[in-house]
Amino acid sequence: MSPSALGSLSDLRPPRVKGLNFTAVDFETANGFRGSPCAIGMVRVRDGNVDELFFKRMRPPQGFDRFDPRNVAIHGITADRVAAQPRFGELFAEIVEFIGSDTLIAHNAGFDIEVFESALEVSGMDSPGLRALCSLRLARTVYRLESHALPRSAAEAGFHLKHHHHALWDARAAAAIVVDIAEREKRGNLNDLFAAHQIEPEELESWTGGRPYESRATRQVRSCAYLLDARSEDVSDDMLPDLMRWQDEGRNLPANEHADPNHPLFGEHIVFTGNLAIPRADVKALAAEHGAVTASKVTSATTVVVIGDGVCREDLEAEHRVPPLQARKVREALSRRDQGQPISLLTEDDYRQMLGSAWPLPQPSAVTSRAE
């Protein structure tokens, strides 16, 4: 007999934590871009008991569907395994129906909310608005462990995570952590449980007909999206951006004294903010190679600030400051410029054009595509 015929599965046994209701979620992605989901696992919890499970593999949104070997090595999902599956956009209505009005739970909820956000953006879809609470942050406040990574936290909750990086198993583990802590603290209200530990929810806003401004994760990948497009030819594995590790500041190397003094970067004092198509350490090395001095913060010596995160020339010229232009380094540069210090603001495209053939990735126009 099907669960729907029986009613709620949680009705078949006594409540473990009466009133504790939520849906746990976990994504796996095809590559480092958040908007490339290739699998989703969800667990509906009612009164602290598992009520229903949901697992689907999928093709990521078109244009962001190249599988990075680094991701495949983690979760084992390949392009061939999902070739016959629907795309994220085709599956989303079913996902939303399963979630219903629930608050989501995820281990590092910010990541999973960003997957929803970016996948909806690049699919050209509306957002219903979602709310998520983080089991990782909750585990850190309660469990006394050397590491609060999912396997260790799940074990503390009494759940054996047999298949880590399988979306459904990871969602089950996140659910087990929240149920265990709620049971220990005798709190049946999900909001009260997290509020007691001063943990705020992650929110995905609702929108209809496209967003006026895309998320950071989506904007930062726009300039190198052709590398993540499975239709793009002549893209090797070593060309794929390592998006998960872009935040490292990197070393400030000495400027090359023998660089061409006529190069536009020669003699400049450059600071980088936000993410570009290649890691921060690499963009600094390129600047130093061409005779520029790089630094990790804006000072009285700074002459150029290169802004990533998908900022375009129109953003720099607009009256309204888009979110990347509200970053600390940009605000400091603008303040100093208002006081008379000559500082130029450059976009990633500006910087890439200055470097020309030295830029390590091919220009989008140089990459040909084939029909899907």
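Throughout this description, residue numbers start from 1 for each chain and increase along the sequence as written. pLDDT decides what is reported in this predicted model: residues at 70 or higher carry local features, side-chain atom pairs at 80 or more are listed and counted, and totals for whole chains, interfaces and linings draw on all residues regardless. Only hydrogens and water are removed before side-chain values are computed, so all heavy atoms of the structure are retained for them.

Novice: Quick question: what am I supposed to make of the overall build of the protein here?
Specialist: Numbering goes from the N terminus for both helices and strands, where a helix is a DSSP run of H or I of at least four residues and a strand is a run of E of at least two. Across its full length, the protein carries 15 helices and 10 strands. We compute the radius of gyration over the C-alpha atoms and compare it with the globule rule, which gives 2.2 Å times the number of residues raised to the power 0.38. For 372 residues, the compact-globule formula gives about 21 Å, and the C-alpha radius of gyration of the protein, at 23 Å, lands near that figure. Counting only C-alpha atoms and orienting by the principal axes, one finds that the protein spans roughly 75 × 50 × 40 Å. Within the protein, buried positions represent 49% of all 372 residues. Should any heavy atoms of two residues lie within 4.5 Å, those residues are counted as being in contact. Taking as baseline every contact in the protein between residues at least 6 positions apart, the subset at least 24 positions apart corresponds to 75%. Here the open area of atoms and residues is found with the Shrake-Rupley method and a 1.4 Å probe, where only the protein chains shown may cover a residue. On the protein, roughly 17,600 Å² of surface is accessible, and the fraction owed to carbon and sulfur atoms is 47%. A gap of 5 Å separates the mean positions of the 42 positive and 54 negative side-chain charges of the protein. Burial classes: relative accessible area under 20% of the type maximum marks a residue as buried, over 50% as exposed, and values in between as partly exposed (1.4 Å probe, protein chains only). For the purpose of counting charges, residues Lys and Arg are taken to be positive, whereas Asp and Glu are taken to be negative. His and the chain ends are not included. A charge is said to be at NZ when it belongs to Lys, at CZ for Arg, at CG for Asp and at CD for Glu.

Novice: Where do I start with the confidence of the model for the protein in this structure?
Specialist: The predicted coordinates ought not to be read in detail in places where the model reports low pLDDT. On a scale of 0 to 100, pLDDT captures the predictor's confidence in every residue. For the protein, mean pLDDT is 90; residues scoring 70 or higher make up 92% of the total. The low-confidence segment residues 1–6, where pLDDT is below 50, has 3 contacts with residues more than four positions distant or belonging to other chains. Between residues 365–372, whose pLDDT stays under 50, and residues either more than four places distant or in other chains, the model counts 19 contacts.

Novice: Just checking my understanding: could you explain unusual backbone geometry for this structure?
Specialist: Glycine aside, residues mostly have negative phi angles, and peptide bonds mostly take the trans form. Although it is not a glycine, Asp47 sits at a positive phi angle of roughly 55°. Residue placement: Asp47 occurs in the loop between strand E2 (37–46) and strand E3 (49–57).

Novice: Just checking my understanding: could you explain the side chain of Arg219 for this structure?
Specialist: Relative to the helices and strands, Arg219 is located in helix H10 (residues 216–222). Within 3.5 Å is the distance limit for a polar contact, defined as a pair of N or O atoms, with the added protein rule that one can donate a hydrogen and the other accept it, and that residues adjacent in sequence qualify only through two side-chain atoms. Only 2.8 Å separates the side chain of Arg219 from the side chain of Tyr213, close enough to count as a polar contact.

Novice: How should I be thinking about the environment of Val82 in this particular structure?
Specialist: Locating Val82 in the fold gives a position in helix H3 (residues 79–82). Each C-alpha atom, one on Val82 and one on Pro60, is 9.1 Å from the other, the two residues being 22 residues apart in sequence. Those residues in contact with Val82 that sit more than four places away from it in its chain are Cys38, Arg57, Met58, Arg59, Phe67 and Ile77.

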